[in-house]
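Residues per chain are reported as follows:
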Amino acid sequence: MHKYIHDLRVVNKKRINPDYYILELTYSDTLADMFPGQFVEIKVENAPNTFLRRPISIYDVDYDNNILKLLIQIVGEGTNILSYVEPYDYVNLVYPLGNSFSMPENNRILLVGGGCGMAPLLYTAHYFSDFGYTPSILIGAKNNLGIIEPEEFEKYGELHICTEDGSDGTEGYVTQHKLFESPELFDKVYVCGPEPMMKAVAKWTVKHNIHCEVSLENLMACGIGACLCCVQETVNGNLCVCTEGPVFNVKDLLW
Amino acid sequence: MVNLEIDFNGLILRNPVLTASGTFGYGEEFKDFVNLNALGGFIVKGTTLNPRQGNPYPRMAETPKGMLNAVGLQNKGIDEFCNSIYPRIKVYNKNIIVNVSGSNIDEYVECAARINELETIPAIELNISCPNVKQGGMAFGTSCPSAKQVVKEVRKVYKKHLMVKLSPNVTDIVAIAQAVEEEGADSVSLINTLLGMAIDINTQKPKLSTITGGLSGPAIKPVALRMVWQVSKAVKIPICGLGGIMNAGDAIEFMLAGASCVQIGTANFINPSVTTEIINGIYEYCSSKGISDINDIIGKI
């Protein structure tokens, strides 16, 4: 798959709440084909202490309007300074990067997203829906501020919500949700979120012999397999999350 | 017209821009971003006799104007390089240089001897300066006797251009440069990364699994430039300068300080097309200054 370095124009910036914003970007030519689970490396200008690009999941792609959406959580100086871009500004991207989630074979699929890890799952649900699949989607966060655009997720599947404080959906961790009482409903589970959450879901899928893919977000520099900084230990040795991932079958991980 | 061609002690470079080992993979990772054949050359990932898994994650920490890495020479070993990587990449550029490392002298020698057999590899860069391995690496490059010994033994088996990559983690880099020159090195490249560390104050733990790692990026450029200048005054063999070069202006600084060519390293991580921009920038600089031959600026300081 060809990778590009392009300046994309900001079409819209949606501030969701103090912690999250969505950038809608367009390109002067047709956007490249992107697959669910892939990511971009975005350059942050005018951030004195931010040296490297920031890897950000593809949140959604609207090919009809040639728009790429990124859901960004403010976690440090880079993502904070980036939140000040305005429509008509340009941001520089290296993209699309990484592998992608595998296609389902039927509707017996569950998408589980925790915190900002729900970002790649919107495009995944959208993509699967375009192929005629209707996934079950479970998104979880600490509180209702972390439940981003549930109406978007609802377009593509059957949405379930949970929050640790009960301020939206079911109270508790995602793995305490009633969906996890029915392993017989699922053939494939796709997960992205904090590592303890992914590990808990992975453990459940292994116990019930369900195919499970997780999307990892190791610290990385280049994003294109050159620096070898973002490696994950696997049954096949240390592999780059940026090129051999970010999506891994949990059976290949040494969890 | 500006001449950018450099005769680097027998190695003919179409321009003075190469890439630094460990920052450019095997070249192919960058083929969507760079016309690889337009580079002066590129130096592939540090290669050792046996495959290495490198150090545990985390191996990287971002720092002001730079980054620390502790990759630890993860590579697939010389067999895999010779049998599958080399045949795949050899068409990309006539100056593909292999960075060679080892835990002991025998490993360096055997690895160099294997690469000597590869027809289209015109040079090796002997890495006696990797700070991220427990044995070998920088240990060889931080004392004159050990640097001399490894270069002497490799020189016996390696018949093509032998570049030696020097460590800045020494009291007197000039003495090391002179020592490797005496043993028959054809050129030196400097500098490798500076040993550094970073701590996460929330977890109160080091940010790298190995505690210390190698610092690269613009943060180290003034140190690198100073060392290139000092070495250039003391050795006759040419110098390949590197350390924090982000743009054409930085590259020109290194050449004015005495480097005959440069390597672009960490900048590739931020802008994968940067090498092309630097080559064009050097050309434009020369044009605007009325310089007809890039060789005229080497070592002007």
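Cut-offs used in this document
Residues numbered from 1 in each chain as written. Chains lettered and ligands numbered in written order. Predicted model: local features only at pLDDT ≥ 70, side-chain atom pairs only at ≥ 80, totals over all residues. Heavy atoms only, no water. Helix = DSSP H or I, 4+ residues; strand = E, 2+ residues; numbered from the N terminus. Rg over C-alpha atoms; globule rule 2.2 N^0.38 Å. Buried < 20%, exposed > 50% of the residue type's maximum accessible area, 1.4 Å probe, protein only. Lys, Arg positive; Asp, Glu negative; His and termini not counted. Charge placed at Lys NZ, Arg CZ, Asp CG, Glu CD. Expected span 1.5 Å × (residues − 1). Arc of directions from axis to C-beta. Contact = heavy atoms within 4.5 Å. Disulfide = S-S within 2.5 Å. Pairing = 2+ DSSP bridges. Domains from an automatic or database assignment. Buried area = accessible area lost by both parts, 1.4 Å probe. Salt bridge = Lys/Arg side-chain N within 4 Å of Asp/Glu carboxyl O. Axes fitted to C-alpha atoms, helices over the stretch in contact; angles between N-to-C directions. 1 Å grid on protein atoms, 1.4 Å probe; cavity = no way out; pocket = protein on both sides within 12 Å on 5 of 7 lines; lining within 4 Å. Points joined across faces, edges and corners; volume = space filled by probe spheres on them. Nonpolar A, V, L, I, M, F, W, Y, C, P; charged D, E, K, R; others polar. Parallel < 35°, antiparallel > 145°, perpendicular 65-115°, else oblique.

### Notes on the overall build of chain B
Each helix and strand in chain B was counted, giving nine helices and 16 strands. Relative to the compact-globule value of 19 Å for 301 residues, chain B shows a C-alpha radius of gyration of 18 Å, a close match. Across its three principal directions, the C-alpha atoms of chain B cover 55 × 50 × 40 Å. Expressed as a percentage of its 301 residues, the buried residues of chain B come to 61%. Computed over 27 positive and 27 negative side-chain charges, the separation of the two mean positions in chain B equals 3 Å.

### Some points on helix H4 (residues 195-207) of chain A
In an α-helix, one turn spans 3.6 residues; hence positions three or four apart end up facing the same way. All names here are of chain A. Taking 1.5 Å as the rise per residue, H4 with 13 residues should run 18 Å; its terminal C-alpha atoms sit 18 Å apart, in good agreement. Along H4, the residues classified as buried are Met197, Met198, Val201, Ala202, Trp204 and Thr205. Buried residues of H4, viewed axially, fall in a sector of 160°; they line one side. In H4, the exposed residues that point more than 90 degrees away from the buried face are Pro196, Lys203, Val206 and Lys207. The elements touched by buried residues of H4 are strand S8 (109-114), strand S12 (188-192) and strand S13 (211-215). A positive phi of about 55° marks Asn209, the residue just after H4.

### Focus on the state of the cysteines
Enumeration over the complete set of coordinates arrives at zero disulfides over all chains. Looking at Cys222 of chain A, it has no disulfide partner, and the nearest cysteine sulfur is the one in Cys227 of chain A, 3.8 Å off. Residue Cys222 of chain A is classed as buried on the basis of its relative accessible area, which comes to 4%. Note on Cys261 of chain B: no disulfide assigned, nearest cysteine sulfur contributed by Cys240 of chain B at a separation of 3.3 Å. Overall, the relative accessible area of 1% leaves Cys261 of chain B in the buried class.

### Description of the pairing of strand S5 (residues 60-63) of chain B
Residue and element names in this part refer to chain B. With four bridges connecting them, S5 and strand S6 (residues 66-69) associate as antiparallel partners. Bridging across to S6, Met60 finds its partner in Asn69. The antiparallel hairpin formed by S5 and S6 contains two residues in its connecting segment, where Lys65 sits at a positive phi of about 55°.

### So, the domain arrangement of chain A
Residue and element names in this part refer to chain A. Entries for chain A in the domain assignment read domain 1 (4-97) and domain 2 (109-215). Note on domain 1 versus domain 2: buried area summed over both sides is about 1,600 Å², and carbon and sulfur give 62% of it. Of all residues in domain 1, Pro36, Tyr59 and Asp60 give up the largest surface area on contact with domain 2, accounting jointly for 36% of the area buried on that side. Summed over the shared surface of domain 1 and domain 2, the number is one salt bridge.

### Topic: the pattern of salt bridges
A full pass over the atoms with the stated rule returns 16 salt bridges over all chains. Among the ionic pairs, Glu62 of chain B bridges to Arg54 of chain A, the shortest N-O distance being 2.8 Å. Of the two residues, Glu62 of chain B is situated in strand S5 and Arg54 of chain A in strand S4 (residues 54-57); the pairing between them involves two chains. Here Asp250 of chain B and Lys221 of chain B are joined by a salt bridge, their closest N and O atoms 2.9 Å apart. Here Lys221 of chain B lies in helix H6 (residues 221-232) and Asp250 of chain B lies in helix H7 (residues 248-256), a separation of 29 residues in the sequence. With relative accessibility at 10%, the residue Asp250 of chain B sits in the buried group.

### Re the pairing of strand S9 (residues 161-165) of chain B
If a strand is regular, its side chains alternate between the two faces of the sheet. Residues and elements named next belong to chain B. Counted residue by residue, S9 has five buried out of five residues, so it is predominantly covered. Burial along S9 is two-sided: the face carrying His161, Met163 and Lys165 and the face carrying Leu162 and Val164 are both buried. Across five bridges, strand S8 (residues 123-127) lies against S9 in parallel orientation. Within S9, the position partnered with Asn127 by the bridge is Lys165. In the sheet, S9 pairs with strand S10 (residues 187-190) via three bridges, with the strands oriented parallel. Looking at S10, one finds that Lys165 is bridged to Ser189.

### Quick look at the sheet that holds S5 of chain B
Residue and element names in this part refer to chain B. Strand order across the open sheet formed by four strands is S5-S6-S14-S11, with antiparallel pairing between neighbours. Single-partner strands in this sheet number two, and they are S5 and strand S11 (194-197). The mean inter-strand angle of the sheet, taken between neighbouring strand axes irrespective of direction, is 40°. The pairing of S11 with strand S14 (residues 212-216) spans four bridges and is classified as antiparallel. Directly across from Gly196, in S14, lies its bridge partner Gly213.

### Things to note about the layout of surface pockets
A volume near 740 Å³ is recorded for the second largest pocket. Residue assignment for the lining of the second largest pocket shows that the elements contributing at least two residues are strand S15 (237-240) of chain A together with helix H1 (77-89) of chain B. Broken down by class, the residue content of the lining of the second largest pocket amounts to eleven nonpolar, ten polar and eleven charged.

### Topic: the packing of H6 of chain B against H7 of chain B
Residues and elements named next belong to chain B. Where H6 contacts H7, the axes come no closer than 8 Å and their chain directions differ by 25°. Taken together, the axes of H6 and H7 lie roughly parallel to each other. The segment H6 lies against H7, with Lys221, Ala224, Leu225 and Val228 engaging Asp250, Glu253 and Phe254. Grouping the amino acids of the contact of H6 with H7 by side-chain chemistry returns four nonpolar, no polar and three charged.

### Here's the deal with empty space enclosed by the protein
Regions of empty space are outlined by a rolling probe, equal in size to a water molecule, passed over the atoms. Residues and elements named next belong to chain B. Counted by the stated rule, this structure contains three cavities of 30 Å³ or more. Within this model, the largest cavity holds a volume of roughly 480 Å³. Lining the largest cavity are 35 residues; nearest its centre among them are Ser21, Thr23, Asn69, Asn192 and Thr193. Contributing elements (two or more residues each) for the lining of the largest cavity: strand S4 (42-47), S6, strand S16 (261-264) and helix H8 (267-270). Here the lining of the largest cavity is composed, by residue class, of 15 nonpolar, 18 polar and two charged. A volume near 40 Å³ is recorded for the second largest cavity. Class assignment for the residues of the lining of the second largest cavity results in three nonpolar, four polar and two charged.

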